[in-house]
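Structure at a glance
In case you want the letters, here they are:
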Amino acid sequence: METSRIQRFTPNGECIETLGGIGNHIDGSPDRSYFVGDRAYPGYPADIFLYRRGETTPIATFGGQNFQNCTWKLQIHPNPTFSRDGKRIYFNHPVSENRTEACFVEINELLK
């Protein structure tokens, strides 16, 4: 997890650019100025991190649930994604060990 980064690679596997920090399931804003990713590691909360392009420290963290059964046995990961206009992030949000809800957060105020 300490070395997990959102990065671009050449076909030969060389890193071209670091786009953000931790991100197992990722998406880029429509203009590719921001990236979002979730932390999907057993034993950790399934946080969602929002990054400015090229930064590995998140400008915001969402989610924060720690329902391990829902995340790992039922295999429901946050899988964050931007809206088409880039002003929202949609994601799966477990609310118990056996139930999840589709959620979104407005991020327009963070994109300055």
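Up top you'll find the structure we're talking about.
All of the points below concern the structure found in this document. (Residues numbered from 1 in each chain as written. Predicted model: local features only at pLDDT ≥ 70, side-chain atom pairs only at ≥ 80, totals over all residues. Heavy atoms only, no water.)

1. As for the sheet that holds strand β3 (residues 26-28)
With antiparallel pairing, 4 strands are arranged side by side in an open sheet as β3-β4-β5-β6. In this open sheet, the two edge strands, each paired with only one partner strand, are β3 and β6 (60-62). Between one strand axis and the next, the sheet turns by 20° as a mean value, whatever way the strands run. As paired strands, strand β4 (residues 34-38) and strand β5 (residues 48-52) are joined by 5 bridges and run antiparallel to one another. Across the sheet, residue Val-36 finds its bridge partner in β5, namely Leu-50. (Pairing = 2+ DSSP bridges. Helix = DSSP H or I, 4+ residues; strand = E, 2+ residues; numbered from the N terminus. Axes fitted to C-alpha atoms, helices over the stretch in contact; angles between N-to-C directions.)

2. A short note on the nonpolar core
Tyr-34, Val-36, Ile-48, Leu-50, Ala-60, Phe-62, Phe-82, Ile-89, Phe-91, Cys-103, Val-105 and Ile-107 form the largest nonpolar core, which has 12 residues in total. Sorting the residues of this core by element identifies β4, β5, β6, β8 (88-94) and β9 (100-106) as the ones contributing at least two each. Apart from the residues lying within four places of it in its own chain, the contact partners of Ile-89 are Val-36, Leu-50, Phe-62, Pro-80, Thr-81, Phe-82, Cys-103, Phe-104, Val-105 and Ile-107. (Core = buried A, V, L, I, M, F, W, Y, C linked by side-chain atoms within 4.5 Å. Buried < 20%, exposed > 50% of the residue type's maximum accessible area, 1.4 Å probe, protein only. Contact = heavy atoms within 4.5 Å.)

3. Some words on the side chain of Arg-39
On the secondary structure map, Arg-39 appears in the loop between β4 and β5. Its relative accessible area of 14% is what places Arg-39 among the buried residues.

4. Here's the deal with the packing of aromatic side chains
All told, the structure shown has 2 aromatic pairs when counted by the stated rule. Measuring from centroid to centroid gives 6.3 Å for Phe-49 and Tyr-51, while their planes differ by 45°, and the two rings are tilted. A relative accessible area of 8% means that Phe-49 is categorised as buried. With 5.7 Å between their ring centres and 50° between their planes, Tyr-90 and Phe-104 make a pair best called tilted. Note that Tyr-90 is positioned in strand β8 and Phe-104 in strand β9, a separation of 14 residues in sequence. Above the face of the Phe-104 ring, Arg-88 is positioned so that its terminal group lies 4.8 Å from the ring centre. (Phe/Tyr/Trp six-rings, centres within 6.5 Å; stacked < 30°, edge-to-face > 60°. Lys NZ or Arg CZ within 6 Å of the ring centre and 35° of its normal.)

5. Details of the pattern of salt bridges
Here the structure, examined in full by the defined rule, presents 5 salt bridges. Note that Glu-17 and Arg-53 form a salt bridge whose closest N and O atoms lie 2.9 Å from each other. Here Glu-17, found in strand β2 (residues 15-20), pairs with Arg-53, found in the loop between β5 and β6; they are 36 residues apart in sequence, far enough to count as distant. For Arg-53, a relative accessible area of 36% puts it in the partly exposed group. The partner of Asp-47 in a salt bridge is Arg-39, with the nearest N and O atoms 2.0 Å apart. Look at Asp-47 and you get buried, because its relative accessible area is 11%. Taken together, the salt bridges that share partners define one network made up of Arg-8, Glu-17 and Arg-53. (Salt bridge = Lys/Arg side-chain N within 4 Å of Asp/Glu carboxyl O.)

6. A few points about the side chain of Asp-47
The residue Asp-47 is located in the loop between β4 and β5 in this model. In this view, Asp-47 contacts Gly-37, Asp-38, Arg-39, Thr-61, Phe-62, Gly-63 and Gly-64; residues no more than four positions away in its chain are not counted.

Shape descriptors only; they carry no functional weight alone.
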